[in-house]
Amino acid sequence: MISIKDNLFLLQTARMSYAFAVGRNNKLIHLYWGSRLEDICEVAKLKTQMDCASPANSLFYLEYRGQEPYDFMEPALLPIYDDGARGARLVYLSHVVENESLRVTLKDEHYPLEVTLVYELFGDLDVISRKAVIRNCGETDIRLDSVKSATLNLPPIAGNYRVTHYSGEWGAEFGVNQCELTQMQLVMENHRGTCASHQHVPFVALDAESAVTETSGDVYFAALKWSGNFKISIEQGYSGNVCITGGINDFDMEWTLKPNESFETPALCCGFSAGGFERMTEILYDWQLDWLAPREKAHAIRPIIYNSWYPYLFDINETNLTALIPKAADIGAELFVIDDGWMPKRVNDKAGLGDWVADKSRFPNGLRPISDACHAQGMLFGLWVEPEMANPDSDLYRAHQEWFLSDPKRPNFLKRSQLTLDFSQDCVRDWAIGWLDKLITDLQLDYLKWDMNRYLSEYGTDHSMPIRYIQNLYAVWKSLNERHPNVLFENCASGGGRADFGMVEFADRINRSDNAHPKDVMILHEGFSRLFVPKTAGGAGNIAKDPDVPLPFRIHLGMTGSMSIGIDLLKASQETLNELRAATAYFKIVRADLQDSYVYRIASARQHPYCIWQYVRRDRKSFGLFGFAHGMREWEHCQQPRFKMRGLLPDAIYTTEDGTSYTGRELMSIGLQLLFKRQDYASFFKFFK
Ligand code: DGJ
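Here the structure is a predicted model, which means the values were calculated and not measured. (Residues numbered from 1 in each chain as written. Predicted model: local features only at pLDDT ≥ 70, side-chain atom pairs only at ≥ 80, totals over all residues. Heavy atoms only, no water.)

**Student:** Give a description of the packing of aromatic side chains that names residues and reports values.
**Tutor:** Aromatic ring pairs: the centre-centre distance and the angle between the two ring planes describe each pair. Following the criterion strictly, the structure yields 50 aromatic pairs and no others. Relative to phenylalanine 501, the ring of phenylalanine 203 has its centre 6.1 Å away and its plane inclined at 40°; by these criteria the two rings are tilted. Placement of the pair is phenylalanine 203 in strand 14 (residues 203-207) and phenylalanine 501 in the loop between strand 27 (488-491) and strand 28 (509-511), with a sequence separation of 298 residues. Both residues of the pair, phenylalanine 203 and phenylalanine 501, belong to the buried class. (Phe/Tyr/Trp six-rings, centres within 6.5 Å; stacked < 30°, edge-to-face > 60°. Helix = DSSP H or I, 4+ residues; strand = E, 2+ residues; numbered from the N terminus. Buried < 20%, exposed > 50% of the residue type's maximum accessible area, 1.4 Å probe, protein only.)

What follows is the structure, encoded as structure tokens:
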């Protein structure tokens, strides 16, 4: 709900309020962000305090910073005008409310520049989206050296905030990191150009550590919907004033606004949990499932995938794939995906990338017979592509060198033997839409796995390229989504490189990591599932090789996300095939519940040699309990703690598959004794309904 009265603006969600006001000298001043207030009058005193504060102190709480005199915190906006003057001195001009959105327009006091701050609500959900639209109302160019989405001011607290962020690398994504914020500027950013999450997920959470746990206390969080270079700065001044400034990275970028042009930033969305980190995760799941992912309704259940990558790598051909299809159908796979390796000369990563036709020598009849064979077996059919890249040894590169990112005088840097197409060029965007659309249609694809396997090293001469690249990338995804509403899309970037909230609205599955080793997945999935809906957690095969790990352990891990099988079914023993068949059959019974669940880390693999994850259906009517142990010491087997469940309805009855019933209260107060088998890689799954 949006309320406006006497220059006060109050945005309310179920359990959060956010307020600002037109203050002294017409400056827009932030007043409040935190637990829900009932009435706009409750922030009126804050406005009076701000109006009486010294000019310097009121600068601490600017709603959108434009480098005011004596404001030394990170500006969100840094324009440079034609006479060389810098910065914005923004004052309130007007506002308009439309449905669930509020647009407040500010103007510079001296230069022809307007900034519209856009606030959008998601029903009652405790998240508000913020972005800025910058408009050149003059007759000469304005250069934007920095153009962030929002400034978010946090309430000053006694002591320091703790910052939680998620960082990592290829094969080690979603690491959970925490540190104390003192009087400093802490910057999280990405310089890789086309993706962020192999450096930092564009997301941050702040809490007052002493009062906050997994299940209690106030957590403020911000998620940026941008997949390219980003910067989130968290800053604390001497007086304890704290603000987050986030958006497109100002590093090595420049955007020129011509007269009458505007620039719209990506959204920086802010949320609040009064129930610790677990409630934060619940809010993030609801946001994705109910709001961000419009395709969710058509694709609520993720099919069980068989993928060729782990068992065959580039060694695929019509013969082995055709033999695999009935085997995959027989073990219960619902979607058969051909991964990398289907193009001409693509027998390793040195050639063929960019030429999006099937290799005649290995697929003499093309891929359509394979698609038809999958459909005849009742399976969906999917294909891997990497549209942003090509090997120099490809017809595409030979024909269109001008489409590739390069520096005028330096040789291009090769990574994985590949170069990057310049998606900032509109002709490249249109080419990508054209061939992908045709490929999906011609091959009757039900699934497209979009991969991206290197970062940018050449930036060319146009400093707006990194921004235009991502804008065009999103345009391609949007167009494919619209043209093919029934096709499932996977967002893969060497694993989880592009796992971010910008991509959530386009992709139904996220490749969590190329690291599918079960002992690492125990940790990776905890980081992933703090932010992203677990049913989107993919990978080429989360039930893959790793013969040292018992198959049930791998199957249980596969059940925690979007199940995919990457085992060589042509060589697998009958016993393995039987086990896989039984596993998929069982998973199909509990899948709808698990895939609409919140995840509670009852015991974390970051603290123990085991983890216990409770998947509670969002309507709280059922739950699944996963346990994974690796490297347990003997004395840990002797301890027999009771684990208290969370998030259940106290009076509801939950019954296990062997018929034992518990009240929710019993499960949450007394808990369950959960024992692991005395073996390495022990696991269990229990289902309560
Ligand atoms: C990286 C992806 O993460 C893998 O799943 C696989 O598709 C390979 N690329 C193929 O080259």
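And the narrative resumes.
**Student:** Break down the sheet that holds strand 27 for me, with residues and values.
**Tutor:** Overall, parallel pairing links the 8 strands, which are arranged 29-28-27-26-23-22-21-30 in an open sheet. Across the chains shown, the open sheet's two edge strands, defined by having one partner strand only, are strand 29 (537-538) and strand 30 (564-565). Pairing of strand 23 (residues 380-385) with strand 26 (residues 447-450) involves 4 bridges; the strand directions are parallel. Its bridge partner lying in strand 26, valine 385 is registered against tryptophan 450. (Pairing = 2+ DSSP bridges.)

**Student:** Lay out the packing of helix 5 (residues 318-330) against helix 6 (residues 368-376) with the relevant residues and their values.
**Tutor:** Contact geometry of helix 5 with helix 6 gives a least axis separation of 10 Å together with a crossing angle of 10°. On the basis of the axis angle, helix 5 is roughly parallel to helix 6. Between helix 5 and helix 6, the contacting residues are Glu318, Leu321 and Ile325 on the first element and Ile370, Ala373 and Cys374 on the second. (Axes fitted to C-alpha atoms, helices over the stretch in contact; angles between N-to-C directions. Parallel < 35°, antiparallel > 145°, perpendicular 65-115°, else oblique. Contact = heavy atoms within 4.5 Å.)

**Student:** Tell me what's going on with the sheet that holds strand 4 (residues 28-35), and back it up with residues and numbers.
**Tutor:** With antiparallel pairing, 4 strands are arranged side by side in an open sheet as 1-2-3-4. For this open sheet the edge positions go to strand 1 (2-5) and strand 4, each flanked by a neighbour on one side alone. Averaged over all pairs of adjacent strands, the angle between their axes in this sheet comes to 15°, without regard to strand direction. Where strand 2 (residues 8-12) meets strand 3 (residues 16-22), 5 bridges bridge the pair, whose relative direction is antiparallel. Bridge pairing in strand 3 links leucine 8 to alanine 21. Strands strand 2, strand 3 and strand 4 of the sheet are contacted by helix 1 (residues 44-52), whose axis makes an angle of about 140° with strand 4.

**Student:** Which residues make up the site of the ligand, and what are the values?
**Tutor:** Surrounding the ligand, one finds 14 residues, the nearest of these being Asp339, Asp340, Lys449, Asp451 and Asp514. Contacts to the ligand include lysine 449, whose side-chain N or O atom sits 2.8 Å from an oxygen atom. Take glycine 495: an N or O atom from its main chain is 3.0 Å from an oxygen atom of the ligand. Calculation on the ligand without its partners gives an accessible area of 290 Å², and the protein chains cover 98% of this total. Among the residues making up the shell around the ligand, the classes are represented as 4 nonpolar, 4 polar and 6 charged. (Near = heavy atom within 4 Å. Polar contact = N/O pair within 3.5 Å; in protein donor to acceptor, adjacent residues only side chain to side chain. Areas by Shrake-Rupley, 256 points an atom, 1.4 Å probe, with all protein chains shown as cover. Nonpolar A, V, L, I, M, F, W, Y, C, P; charged D, E, K, R; others polar.)

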